Amino acid sequence: MLYFSATYTTKKVIKSIAKGFYDDVKEYDITLPKNRINSLNFKENDVVIIGVPVYAGRVPEFLSEYFSEKIHGNNAYAVLIVVYGNRAYDDALLELKDIFEGRGFIGIAGGAFIGEHSYTEKIATGRPDDSDLNIAYKFGMDINEKINSIDRFPQKLTVKGNYPYRKGMVYEPVMIDTDESCINCGICSMHCPMGAIDKYDNKSIDIFKCIRCCSCIKRCPVNAKDINYDPHKKFLIEFISKYSTVRQEPELFSVFTYSISD
Ligand SMILES: Cc1cc2nc3c(=O)[nH]c(=O)nc-3n(C[C@H](O)[C@H](O)[C@H](O)COP(=O)(O)O)c2cc1C
């Protein structure tokens, strides 16, 4: 399995799918910058479960650059997963499939799961929940069984999404604020996926590196971090009222016939 997961939701989904494979699965967690340095070469008949969060309806841009430079499929099979915060995944799954097929993988299955929104615990609270993780586990089990029982796939993988892809995110630098309660414990800087937080002074953040993944905000043991920028606060109030009451469900795609109730 190969995943990026700033606030753990993608990781939980990918681990549950991998559990369905029974065998020991190798884990490549590319969340930290030090784990995105080396190239990764897979080989024919490998099955790679790939997971990314959805940012603005797309694969996060820095990840698509990393995948295009450092990942080599060599005809390995790919299970492509996106995790989104209950709004929509737009074209992210299609984009992820295109990136990996372009890198020499054979897409055999895909899925869109829901994770608690990075910006607030009020949207998709606690997800993925037991029901999501059970669906993920059974999906993994099903792929594992079917991949071993046939030697040629009946069709090419198709997933939901449109061309041209949704316009991606424009990263206006926004400050993550740190208040006086900060105890400089180092947890935020240790886990920052972009290496944007100074390890000696945890209040100091490079806003040009920050991608607003909210890892630091969600992990802070004393709740010292937040985005206090007014337009963001206003956006969040509307956003919560729109997306906290509906419940999206996982969607699965595969070259095999599969249904959630199987
Ligand atoms: C910058 C940014 C953009 C996001 N854009 C979307 C989006 O377009 N649609 C959506 O439903 N959720 C969106 N989210 C929410 C995340 O996709 C979601 O919370 C996901 O579960 C985070 O994965 P992680 O816990 O593995 O980091 C966004 C989050 C961030 C930080």
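Remember, predicted model here, so these are calculated numbers, not experimental data.

S.K.: Would you mind going over helix α3 (residues 92-102) with me for this structure?
M.R.: Because an α-helix completes one turn every 3.6 residues, residues spaced three or four positions apart along the sequence face the same direction. With eight of its 11 residues buried, α3 lies for the most part within the structure. If you check which residues of α3 are buried, you get A92, L93, L94, E95, L96, K97, I99 and F100. Where α3 terminates, the next one or two residues include G104, which has phi positive at roughly 95°.

S.K.: Looking at this structure, I do not really get the site of the ligand. What am I missing?
M.R.: Residues in contact with the ligand amount to 26 residues; listed here are only the nearest, S5, T7, T9, T10 and V54. Interatomic distance of 3.4 Å between a backbone N/O atom of Y8 and an oxygen atom of the ligand. Here an oxygen atom of the ligand and a side-chain polar atom of T10 are 2.6 Å apart. Calculation on the ligand without its partners gives an accessible area of 640 Å², and the protein chains cover 97% of this total. Counting only elements with at least two residues in the shell around the ligand, the list comes to α1 (9-19) and β6 (77-84). Of the residues assigned to the shell around the ligand, the class counts are 13 nonpolar, 10 polar and three charged. Two domains share the shell around the ligand, each providing at least three of its residues, namely domain 1 (2-163 + 247-254) and domain 2 (177-228).

S.K.: When you look at the sheet that holds strand β10 (residues 251-254) in this model, what are you seeing that I'm missing?
M.R.: Each strand in a sheet pairs with its neighbour through backbone hydrogen bonds, running either in the same direction (parallel) or in the opposite one (antiparallel). Spatial ordering of the open sheet is given by β2-β1-β4-β6-β7-β10, a layout of six strands whose pairing is mixed. The open sheet terminates on both sides in strands that have one partner only, identified here as β2 (28-29) and β10. In this sheet, strand β4 (residues 47-53) lies alongside strand β1 (residues 2-3) in parallel orientation, the contact comprising two bridges. Residue pairing in the sheet places L2 in a bridge with I50 of β4. Across the sheet, α1 touches β1, β2, β4, β6 and β7 (106-114), and the angle it forms with β4 is around 160°. Contacts from α3 reach β1, β4, β6, β7 and β10, with the element oriented near 150° to β6.

S.K.: Which parts of the structure should I look at to understand the nonpolar core?
M.R.: Side chains of a nonpolar character, in soluble globular proteins, are inclined to be buried together. Membership of the largest hydrophobic core comes to 66 residues, with the highest contact counts inside it found for F67, I81 and F100. With eight residues, the single largest contributor to this core is β6. With near-sequence residues (within four places) excluded, F67 lies in contact with L2, I30, V52, V59, L96, I99, F100 and R103. Counting 12 residues, the second largest nonpolar core, distinct from the first, contains V174, I205, C216 and I217.

S.K.: Looking at this structure, I do not really get the pattern of salt bridges. What am I missing?
M.R.: Per the counting criterion, the structure on display carries 17 salt bridges. A salt bridge links R58 to E95, with the shortest nitrogen-to-oxygen separation between them at 2.8 Å. Taken together, the residues span a long stretch of sequence, with R58 in the loop between β4 and α2 (61-70) and E95 in helix α3 at a distance of 37 residues. When the shortest N-O distance is used, the salt bridge between E101 and K156 registers 3.3 Å. Taken as a pair, E101 in helix α3 and K156 in the loop between α4 (130-149) and β8 (177-178) lie far apart in primary sequence, 55 residues in all. Residue class for K156 comes out exposed when judged on its relative accessible area of 61%.

Cut-offs used in this document
- Residues numbered from 1 in each chain as written.
- Predicted model: local features only at pLDDT ≥ 70, side-chain atom pairs only at ≥ 80, totals over all residues.
- Heavy atoms only, no water.
- Buried < 20%, exposed > 50% of the residue type's maximum accessible area, 1.4 Å probe, protein only.
- Helix = DSSP H or I, 4+ residues; strand = E, 2+ residues; numbered from the N terminus.
- Near = heavy atom within 4 Å.
- Polar contact = N/O pair within 3.5 Å; in protein donor to acceptor, adjacent residues only side chain to side chain.
- Areas by Shrake-Rupley, 256 points an atom, 1.4 Å probe, with all protein chains shown as cover.
- Nonpolar A, V, L, I, M, F, W, Y, C, P; charged D, E, K, R; others polar.
- Domains from an automatic or database assignment.
- Pairing = 2+ DSSP bridges.
- Contact = heavy atoms within 4.5 Å.
- Axes fitted to C-alpha atoms, helices over the stretch in contact; angles between N-to-C directions.
- Core = buried A, V, L, I, M, F, W, Y, C linked by side-chain atoms within 4.5 Å.
- Salt bridge = Lys/Arg side-chain N within 4 Å of Asp/Glu carboxyl O.

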